[in-house]
Number of protein chains: 4
Amino acid sequence: MSVPSAILQLICPDRPGLVSELSGWVAANGGNIRHADHHTDLGAGLFLSRIEWALEGFGLPRQSIAPAVAALARRLDGEGLLHFSDAIPRAAIFVSRQEHCLVDLLWRVRAGELPMQVPLVVSNHPDLRELAEGFGATYVHVPVAAADKEEAEAAQLALLRQHGIELVVLAKYMQVLSSDFLEALGREPAQVINIHHSFLPAFQGAQPYQRAWQRGVKLIGATAHYVTEELDGGPIIEQATVHVSHRDEVEDLIRKGRDTERLALARAVRLHLRRQVMVYRGRTAVFD
Amino acid sequence: MSVPSAILQLICPDRPGLVSELSGWVAANGGNIRHADHHTDLGAGLFLSRIEWALEGFGLPRQSIAPAVAALARRLDGEGLLHFSDAIPRAAIFVSRQEHCLVDLLWRVRAGELPMQVPLVVSNHPDLRELAEGFGATYVHVPVAAADKEEAEAAQLALLRQHGIELVVLAKYMQVLSSDFLEALGREPAQVINIHHSFLPAFQGAQPYQRAWQRGVKLIGATAHYVTEELDGGPIIEQATVHVSHRDEVEDLIRKGRDTERLALARAVRLHLRRQVMVYRGRTAVFD
Amino acid sequence: MSVPSAILQLICPDRPGLVSELSGWVAANGGNIRHADHHTDLGAGLFLSRIEWALEGFGLPRQSIAPAVAALARRLDGEGLLHFSDAIPRAAIFVSRQEHCLVDLLWRVRAGELPMQVPLVVSNHPDLRELAEGFGATYVHVPVAAADKEEAEAAQLALLRQHGIELVVLAKYMQVLSSDFLEALGREPAQVINIHHSFLPAFQGAQPYQRAWQRGVKLIGATAHYVTEELDGGPIIEQATVHVSHRDEVEDLIRKGRDTERLALARAVRLHLRRQVMVYRGRTAVFD
Amino acid sequence: MSVPSAILQLICPDRPGLVSELSGWVAANGGNIRHADHHTDLGAGLFLSRIEWALEGFGLPRQSIAPAVAALARRLDGEGLLHFSDAIPRAAIFVSRQEHCLVDLLWRVRAGELPMQVPLVVSNHPDLRELAEGFGATYVHVPVAAADKEEAEAAQLALLRQHGIELVVLAKYMQVLSSDFLEALGREPAQVINIHHSFLPAFQGAQPYQRAWQRGVKLIGATAHYVTEELDGGPIIEQATVHVSHRDEVEDLIRKGRDTERLALARAVRLHLRRQVMVYRGRTAVFD
């Protein structure tokens, strides 16, 4: 894990020879492939590839790889994304009052499970300041009232720019992001990850645990997904469920759900950070 | 398991002393309690109890227990259901063309896992006749066309009466039962069990696997539930899920789903037959 | 949950009428039963019961309940344990260098999931002092060298007495407790809970993840159990497993295992604290 | 699935360029790769690859592929196995008295889930003849007494040869195969798959459910593995577990275990048949 690698995520129209062409390109430049995984979506006629190779010994200097990848993608009429495993993204975590996902993420970052930095925690409540600061993050309380949502989002955007944020994780942030905000982020949908406390598409929207209890389901779940303008409709990265019984009150569902939320969100963020997730046509391919 | 027992399912308004009163009633009649389980729904103010005791040595003769239970329930302003573990219900299985749930149920009956008899299999297709007959069931093909659905259901009802059926299991029966049919069954909703191939309430209605694939979920599920007039809205008995990935096509979801459907349905039918399920207010308490 | 209750755990030879006798005793004293669960071990001829009732309105004053329970147990030739839900036990957590279980437990205590106090954290390493103290616990570094193990254990015992400890949780404490130590704790085996990082009885002893990797298993697990003199042989409270693949190196097993360990240990400690676990004949009955 | 493909399983010493070399070889011959998956065992210094490509349009005639693959493997100082997806192996299922795995496998073959033929069922008991014959298999009762085990195994070997068997599935066959028998099969260990009714390495040997009950475990499992001379020690393909409680008697463990056994064995056989399993150094890489 300690030796840095380059990771190429490429998507292009399917045709014979692509696996060979991509691995051949890496090999021709002296690259030693560590992982190579591909997927063909037959219905869509698309080929998706994730190739990871050691930077050590690779013939192209680091700064020349991106242009070379861009040329390769153009030649294949596709799109390529290049990542370096030693580039540690700067992430902001958005929270409201519940701390469990925030604690869990910050602990995992410290434990080395999640290759990211968290310089910034944003909340519409003041409650979790001490916790965030204890892990070295700047905590900014940005109240969000119905009347001044636009203003609040402008402040949030400024914070994200100021801290050079590349990834936003909504860790039980109980506010809906406007489409203006999402657009203004100026990045593809893959850049905001949310945890929803139900096994989507069941119980989209508010109060999923209460509604799950009402419906009398025998399992509850959590869904980590990229955020798009369609509420709770973005590409799903990870889902998990846990059994419940008639003995469980709503508060038990909430308690049990916390563990499911923590695990699903942590796994999703890890998969994202290791560049194991590719998004296309409203869905994900997860190369794990 | 071989020594017969009586099983009382009682539901009544909650008040102190009910556990003692019920177990005291059994003990006063010389009954040896094997299982006693209770649940209080605080919000509804309801007390649910399931008590099972050995018939051997019980002071009341078998035919006198039901009236005694009825008197007890009246005294508690509640409702009681009495079952005997050695009364093996007669069940009809409704199928369409898919055989996996039917094979599974019939095999489990033969293996002694499901204490029921299956004298009758009803289908809107002729395909599974040989299979059903191989297990000793009468197979009746009742075609269901949009135009003559009423007629078909009348034929089905006649068959159920003729075979003395107490439980109907919809084992991938791809037709919606009319509310007239359900009413005419003349029994409470607990008497028809269906398997739906999604983790309800997600993907209610038709084509759940196709829609699950479209949505890009990372888990698929199955739900066994009692049938009510509200389509896919009846009390849930059992749910199970299994992980899927981007590599799974719709046909893979269907294949993986078959195992989930078989297990969820078999567990639900077993719970029902062992009188471990109590239905109230659109939900179930499962005493397992 | 906030209204205090009494919890009786009783074990005695099986005979007819016990459920009625116990619930009758509670009712006769005006108690309102919240939960009543029983189990008969037919092979052992033993009856186990857990009854929980509201203290409010109960006819016996709090201090008179224990003697009354003792008399009841004597009459039934059994043993009874009485607990009050509002008595919050004082627990010590033993750790070595790994922090994940410690963080998790302390966080859950703070979040109200685990009804215990943690005044003391004991470790054979100095590493986790800041963490423990951040949650308000006293951290004592008691080095354990092979030569002076006896001395170290004497110091640990003194600490436990000094802090009035009723429960010891071994949260990845990588030392074996001597039988002298366990005896000197002067309490039944139910009072020390350990998390072992394998699905016992597989991989008893040291290095379970390394050995699991060597064996090429497709799932790894964790086991929370009461500690007895038989290493890794005490009564099991909770077990959990997670799938692994050939892609997982030993370090991946360790990482995935951390989540399994945290969950299994937290569930076991919660079950213990809510007095849902009864120990007999080297095994547990878990009334959940 | 319907268009036939070639599948290459190759194992060789690791070195840079192997992914490119293999995919380049396929592409150079005009092959369209459907799946390509690789694994490097860093500790062992080994590279494992599974490549599947469409036969349609491939430049080499079918009968020339094997020699070409052999040459390729030689050049890489490794070993290659070539399979064709439309070559449906002939399998024999060995059973004793329990039918659940046999029924399940035969049903899945008929349902198209398992691409194999089952011309032969061998048993040391006469019980399951009708069942096997109902699915069109020849059923041979070969009694195995301690005194004449050698003779019995000779008869079994003759049957396997006579029916052209390439895969033996031990579906709850309660006899240990001698090392002579395994050797005489004259094939690599990958050719006999067994289902063991515990999560190995726990409860190796006889009576695992009884011993699991004795130990008081909270989960039971099943393990599908290739058979080697070391009893219950062969490479593991698939494992599954299910939760049990103190309420479960040994007979409940056996009942719950049946479902786990059926699923684990069916999954393992499917993985094997689709050539997704590679065996090396006593372990498996499962490319799913």
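Computed from a predicted structure; not experimentally measured.

Student: Explain the packing of aromatic side chains to me, please; I cannot follow it from the model alone.
Tutor: Between two aromatic rings, the relevant description is the distance of the centres plus the angle of the planes. By the definition in use, this model includes 22 aromatic pairs over all chains. A centroid spacing of 6.2 Å and a plane angle of 80 degrees characterise the contact between A:Phe199 and A:Phe203, whose relative ring orientation is edge-to-face. Relative to D:Tyr173, the ring of D:Phe94 has its centre 5.2 Å away and its plane inclined at 85 degrees; by these criteria the two rings are edge-to-face. Residue D:Phe94 is found in strand β5 (residues 90–95), and its partner D:Tyr173 is found in the loop between β8 (167–170) and α6 (179–184); the two are separated by 79 residues along the sequence.

Student: Looking at this structure, how should I read the interface of chain B and chain A?
Tutor: Counting from both sides, the interface comprises 33 residues of chain B and, opposite them, 33 residues of chain A. Roughly 2900 Å² of surface becomes buried between chain B and chain A when both sides are summed, with 51% attributable to carbon and sulfur atoms. Contact with chain A buries area across many residues of chain B, yet B:Arg215, B:His246 and B:Arg283 alone supply 25% of it, more than any other trio. At the surface where chain B touches chain A, the tally comes to two salt bridges. Across the pair A:Asp37 and B:Arg247 runs a salt bridge whose closest N-O atoms are separated by 2.4 Å. Applying the counting criterion to the chain B and chain A interface returns 23 residue pairs in polar contact (both at pLDDT 80 or more). With seven residues, the top contributor of residues to the side of chain B that touches chain A is strand β11 (residues 236–243) of chain B. In terms of residue class, the side of chain B that touches chain A is made up of 14 nonpolar, eleven polar and eight charged.

Student: I keep staring at the interface of chain B and chain D and nothing clicks. Help me out?
Tutor: For an interface, size is often stated in terms of accessible area lost upon the parts coming together. Across the boundary between the two partners, chain B contributes 20 residues, which contact 20 residues of chain D. Buried surface at the junction of chain B and chain D, summed over both partners, amounts to about 1700 Å²; 42% is from carbon and sulfur atoms. For the chain B face of the interface with chain D, the top three residues by lost area are B:Trp107, B:Arg255 and B:Arg262, together amounting to 28%. At the boundary of chain B with chain D, the tally comes to eight salt bridges.

Student: Which parts of the structure should I look at to understand the sheet that holds strand β1 (residues 5–13) of chain B?
Tutor: Strand pairs in the sheet, formed through backbone hydrogen bonds, run parallel or antiparallel to each other. Residue and element names in this part refer to chain B. In spatial order, the strands read β2-β3-β1-β4; together these four strands make up an open sheet with antiparallel pairing. Looking at strand neighbours, the two that pair on one side only are β2 (33–41) and β4 (79–84), the edges of this open sheet. In this sheet, adjacent strand axes meet at a mean angle of 10 degrees when their direction is disregarded. Sheet topology places β1 next to strand β3 (residues 46–54); nine bridges connect them, and they run antiparallel. Among the inter-strand pairings, Ser 5 is bridged to a residue of β3, identified as Ala 54. This element, helix α2 (residues 62–75), spans β1, β3 and β4 of the sheet and lies at about 160 degrees to β4.

Student: Before we go on, may I ask you to explain the confidence of the model for chain A in this structure?
Tutor: Mean pLDDT over chain A works out to 95, with 98% of the residues at or above the 70 mark. Both confidence scores are given for the complex: pTM 0.96, ipTM 0.94.

Student: Please explain the relation of the copies chain B and chain D as it appears in this structure.
Tutor: One copy of the chain maps onto the other through a rotation about an axis followed by a shift along the same axis. When chain B is fitted to chain D, the best match, at an RMSD of 0.0 Å, comes from turning it 180 degrees and sliding it 0.0 Å along the axis. The operation mapping one copy onto its partner corresponds to a two-fold rotation axis. The C-alpha atom lying nearest the rotation axis in chain B is that of B:Asp104; the distance is 4.4 Å. A symmetric contact is evident, with 100% of the interface residues of chain B recurring at the interface of chain D.

Student: How should the sheet that holds strand β8 (residues 167–170) of chain B be read in this particular structure?
Tutor: All names here are of chain B. The strand order across the open sheet built from seven strands is β7-β6-β5-β8-β9-β10-β11, with neighbouring strands paired in mixed fashion. Lying at the two open borders of the sheet, with one neighbouring strand each, are β7 (138–141) and β11. Going across the sheet, the axis of each strand differs from the next one's by a mean of 15 degrees, ignoring polarity. Pairing of strand β6 (residues 117–123) with β7 involves four bridges; the strand directions are parallel. Directly across from Val 122, in β7, lies its bridge partner Val 140.

Student: Would you mind going over the packing of helix α1 (residues 18–28) of chain A against helix α2 (residues 62–75) of chain A with me for this structure?
Tutor: Each packed pair of helices is defined by two parameters, the angle between the axes and the distance between the axes. Residues and elements named next belong to chain A. Where α1 meets α2, the closest approach of the two axes is 12 Å, and the angle between their N-to-C directions is 160 degrees. In terms of orientation, α1 lies roughly antiparallel with respect to α2. In the crossing of α1 with α2, the sense of the turn from one axis to the other is right-handed. Contacts between α1 and α2 pair Glu 21, Leu 22 and Trp 25 from the former with Ile 65, Ala 68, Val 69, Leu 72 and Arg 75 from the latter.

Student: Can you walk me through the relation of the copies chain B and chain A in this structure?
Tutor: Once chain B is rotated about the relating axis by 180 degrees and shifted along it by 0.0 Å, it coincides with chain A to within an RMSD of 0.0 Å. When you check the interface residues of chain B against chain A, 100% turn up at the interface there too, and the contact is symmetric in its surfaces.

Student: Please explain the domain arrangement of chain A as it appears in this structure.
Tutor: Residues and elements named next belong to chain A. Considered domain by domain, chain A is made up of domain 1 (5–84) and domain 2 (90–286). On a C-alpha basis, the centroid separation for the pair domain 1 and domain 2 is 31 Å. Of the residues lining the interface, twelve residues belong to domain 1; the matching set on domain 2 comes to eight residues. Between domain 1 and domain 2 lies a buried interface of about 880 Å² when both sides are counted; carbon and sulfur atoms form 64% of it. For domain 1, the biggest contributors to the area lost against domain 2 are Gln 9, Leu 48 and Arg 50; these three give 43% of the whole. In this assembly, domain 1 and domain 2 are joined by zero salt bridges. When contributions to the side of domain 1 that touches domain 2 are tallied by element, the ones reaching two or more residues are β1 (5–13), β2 (33–41) and β3 (46–54).

Student: I would appreciate a short explanation of α2(A) in the present structure.
Tutor: Every α-helix winds through 3.6 residues per turn, so residues three or four apart in the chain are directed the same way. Residue and element names in this part refer to chain A. The first and last C-alpha atoms of α2 sit 21 Å apart over 14 residues, in line with the 20 Å expected at 1.5 Å per residue. Those residues of α2 lying buried are Ile 65, Val 69, Leu 72 and Ala 73. Buried residues of α2, seen end-on, are gathered within an arc of 95 degrees and therefore sit on one face of the element. Set apart from the buried face of α2 by more than 90 degrees, the exposed residues are Gln 63, Arg 74 and Arg 75. The secondary structure elements touched by the buried residues of α2 are β1, α1, β3 and β4 (79–84).

Here is what the cut-offs are and how they apply
Residues numbered from 1 in each chain as written. Chains lettered and ligands numbered in written order. Predicted model: local features only at pLDDT ≥ 70, side-chain atom pairs only at ≥ 80, totals over all residues. Heavy atoms only, no water. Phe/Tyr/Trp six-rings, centres within 6.5 Å; stacked < 30°, edge-to-face > 60°. Helix = DSSP H or I, 4+ residues; strand = E, 2+ residues; numbered from the N terminus. Contact = heavy atoms within 4.5 Å. Buried area = accessible area lost by both parts, 1.4 Å probe. Salt bridge = Lys/Arg side-chain N within 4 Å of Asp/Glu carboxyl O. Polar contact = N/O pair within 3.5 Å; in protein donor to acceptor, adjacent residues only side chain to side chain. Nonpolar A, V, L, I, M, F, W, Y, C, P; charged D, E, K, R; others polar. Pairing = 2+ DSSP bridges. Axes fitted to C-alpha atoms, helices over the stretch in contact; angles between N-to-C directions. pLDDT = per-residue confidence, 0-100. Least-squares fit on C-alpha atoms with pLDDT ≥ 70 in both. Parallel < 35°, antiparallel > 145°, perpendicular 65-115°, else oblique. Left-handed = near helix turned anticlockwise from the far one by under 90°. Domains from an automatic or database assignment. Expected span 1.5 Å × (residues − 1). Buried < 20%, exposed > 50% of the residue type's maximum accessible area, 1.4 Å probe, protein only. Arc of directions from axis to C-beta.

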